[in-house]
Each structure stands twice: as structure tokens, then as C-alpha cells.
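For reference, the chains in residue letters:
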Amino acid sequence: MSIESLSINKSFGGWHKQYSHQSSTLNCKMRFAIYLPPQASNGEKVPVLYWLSGLTCTDENFMQKAGAQALAAKLGVAIVAPDTSPRGDDVANDDGYDLGQGAGFYVNATQAPWNRHYQMYDYVVNELPQLIEARFPVSDKRSIAGHSMGGHGALMIALRNPERYCSVSAFSPISNPINSPWGEKAFTAYLGDNKDTWRNYDASELMTLAVEDKSIQRVPAKVDQGGADDFLVEQLKPETLEAAAAQVDYPLELNVHEGYDHSYYFIASFIGEHLAFHSKHLQG
């Protein structure tokens with residue numbers, strides 16, 4: 001699988017690199033960024049934290065604004081940030097910021113015209129890790145995290161694939177998208193009107209499956225939410241996720257921080273705690 005180097009920057013003794021590649025899953029060219037800590041240049045295979053960004057974002061938002069590289073370098077953890085959706089002139093789009101390019105919602109679309117390209121679930125779970133582990137000095141120890149739409153994606157993907165991830169965390173996730181205006185709009189377009197299929201992509205719904213199947217492995221989860229987030233009540237609904245976790249005694253740590261909003265100022269304030277959380281589970 002060929003990849004094209006787009007940029008490279010030295011950072012805290014490691015390297016931030018940006019690449020593009022032709023995705024067979026999404027049928028278009030995709031871009032991703034990777035931060036490789038100094039340990040990766042010394043012959044070590046380092047574990048990887050996958051970061052999923054939110055609506056309207058690209059791979060660049062987290063890498064440029066979160067301030068994660070210093071601690072990632074110290075902990076010896078690589079960070080991989082994919083784009084949030086397929087892109088290109090022939091890729092379906094919408095005039096709204098919350099549907100189409102920049103708003104893939106990390107699902108496998110089943111409805112035309114979206115199903116031709118919008119297979120972000122398979123891309124994040126399968127194709128991208130295969131590429132990363134084949135091309136870079138990383139191990140198969142993975143964790144996953146994200147913000148807002150990406151927080152939804154991270155929680156949902158970890159809950160559906162507990163054998164693949166050591167830990168999961170989220171900032172301000174869309175915790176119950178089947179009952180969120182953002183989620184309802186996207187899921188109707190991408191998945192159709194059958195709401196039973198929506199539940200397969202809803203973290204609050206998926207978490208309750210642990211009641212029915214005690215054999216399901218439980219991925220340690222950490223969620224941080226800003227108490228002054230404008231989207232808290234209508235879109236994010238962390239109380240639904242917290243209730244689901246309590247119902248099944250799921251290992252979820254959920255914290256609400258008064259005064260913090262939905263922005264990267266919030267993420268930068270607590271990203272160190274998230275990296276330490278993931279490092280503990282990746283290297284434990």
C-alpha cells in the first residue's frame with residue numbers, strides 16, 4: 001500500500017508526519033497524521049493512540065491545538081489522527097456542516113449516495129491500523145480517543161471491538177446519537193430509517209449489551225465533559241452514557257468540569273490526563 005509524504009516536522013524529539021494514501025475502503029484519497037515519539041527512532045515498536053476528531057475537523061486540529069506531543073514523547077506513545085470523512089470532488093456532500101464531508105460519523109453508510117465512500121467504521125477499525133502497523137515502528141497495542149463526533153466514534157468503536165483496544169477516552173462525546181439532532185440527521189442519511197440499525201453505532205445502547213453477554217470484554221473508559229458546553233443538553237447527553245455504565249457496572253470514569261466549553265482550550269487542559277490514562281493501559 002503506497003503512501004505519499006505531505007509534511008514532516010520535528011517535535012519534542014520525535015516527528016510529526018502527514019501522509020495521503022488511496023483508500024480501498026473509502027474509494028478515495030485520504031489523509032492522516034502520525035506523531036512518532038523519540039523512542040520510535042531508537043528501534044522500539046511503540047503503542048498507538050488513535051484520535052478521532054469532531055464535526056468540520058481534519059487530522060490537523062488535534063495535532064496543532066491539543067498540545068499532546070510533549071507528553072506523548074515522554075510516555076513513548078505514537079498518535080495517529082485520520083481525517084473525519086472521505087473527501088474529493090466525486091464524494092457525496094451536503095450544504096450542512098453536520099452531514100457529508102467533514103461529518104462521516106465513523107459509520108458504514110448503507111444508503112445511496114453515501115454508501116459509495118462513507119465507510120469510516122471499516123477504515124478506522126481495519127484499513128488504517130493495518131497501514132500504520134505495516135509502515136511505521138509501532139506495535140499492535142492500540143487505544144482510541146476522540147472529541148465530540150469523534151468521541152462518539154471512539155466509544156462506539158471500542159465497545160464493538162473490545163479485543164482491539166486497551167482503553168478508550170472521549171472529550172464531550174455525542175453519547176446517545178440516536179436521540180441527538182446531530183445523530184438523527186446523520187444516521188437517517190447514512191443508515192436509513194430503521195432505528196434498530198442505529199443502535200449498533202450508539203455508545204449508550206452498546207454499553208447495555210454487557211448485561212446480556214457477561215463474556216464481553218470491557219475496555220476501560222474515561223470521559224471528560226465541559227459544564228459550560230453549549231451542546232451539552234441537546235446534543236451530547238453524557239447522563240445517558242453514565243446511566244448505561246451504572247446499569248452494567250461498566251468501568252467508566254466520567255467527569256464534568258465546570259466553566260469549560262466545547263473547544264480545544266478544554267481538550268488542551270486535560271489531554272495530559274487522557275494520555276497518562278492510555279499509557280497506563282497500553283504499557284501495563
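Okay, so let's go over this structure. (Residues numbered from 1 in each chain as written. Predicted model: local features only at pLDDT ≥ 70, side-chain atom pairs only at ≥ 80, totals over all residues. Heavy atoms only, no water.)

**A look at the sheet that holds strand β9 (residues 252-257)**
Ordered by their spatial adjacency, 9 strands build an open sheet running β1-β2-β3-β5-β4-β6-β7-β8-β9, and the pairing between neighbours is mixed. Two strands close off the open sheet at either side, each with one partner strand: β1 (3-11) and β9. Adjacent strand axes in the sheet meet at a mean angle of 20 degrees, parallel and antiparallel pairs treated alike. Across 4 bridges, strand β3 (residues 28-36) lies against strand β5 (residues 78-82) in antiparallel orientation. Each residue of the ladder has a partner; that of Ala33, found in β5, is Ala81. Packing of helix α3 (residues 120-135) onto the sheet brings it into contact with β1, β2 (14-23), β3, β4 (46-52), β5 and β6 (138-147), and relative to β6 it is tilted by some 140 degrees. Taken strand by strand, helix α4 (residues 149-160) contacts β4, β6, β7 (168-171) and β8 (221-226), and its axis lies near 135 degrees from that of β6. (Pairing = 2+ DSSP bridges. Helix = DSSP H or I, 4+ residues; strand = E, 2+ residues; numbered from the N terminus. Axes fitted to C-alpha atoms, helices over the stretch in contact; angles between N-to-C directions. Contact = heavy atoms within 4.5 Å.)

**Structural notes on the side chain of His152**
With respect to the secondary-structure elements, His152 resides in helix α4. A residue is classified by how much of its surface remains accessible, and His152, at 0% relative accessible area, is buried. Every residue in contact with His152, bar those within four places of it in the chain, is listed here: Phe105, Pro173, Ile174, Pro177, Phe187 and Tyr201. (Buried < 20%, exposed > 50% of the residue type's maximum accessible area, 1.4 Å probe, protein only.)

**Observations concerning the pattern of salt bridges**
Inspection of the entire model under this criterion finds 11 salt bridges. Salt-bridge contacts for Arg199 lead to Asp196; the nearest nitrogen and oxygen are separated by 2.8 Å. Judged by its relative accessible area of 35%, Arg199 falls in the partly exposed class. Look at Asp196 and you get exposed, because its relative accessible area is 54%. Of the charged contacts, one joins Lys222 and Glu253 as a salt bridge, the two residues approaching to 3.0 Å between their closest N and O atoms. Here the residue Lys222 occupies a position in strand β8, and Glu253 occupies one in strand β9, the gap between them amounting to 31 residues. What makes Lys222 buried here is its relative accessible area of 4%. The exposure class of Glu253 is partly exposed, given its relative accessible area of 36%. One network of salt bridges, in which partners are shared, links Lys222, Asp224, Glu253 and Glu273. (Salt bridge = Lys/Arg side-chain N within 4 Å of Asp/Glu carboxyl O.)

**Section: the side chain of Lys222**
At 3.0 Å, the side chain of Lys222 forms a polar contact with the side chain of Glu253. For Lys222, the residues in contact, after removing those within four places along its chain, are Val168, Ser169, Ala170, Glu253, Asn255, Glu273, His274 and Phe277. (Polar contact = N/O pair within 3.5 Å; in protein donor to acceptor, adjacent residues only side chain to side chain.)

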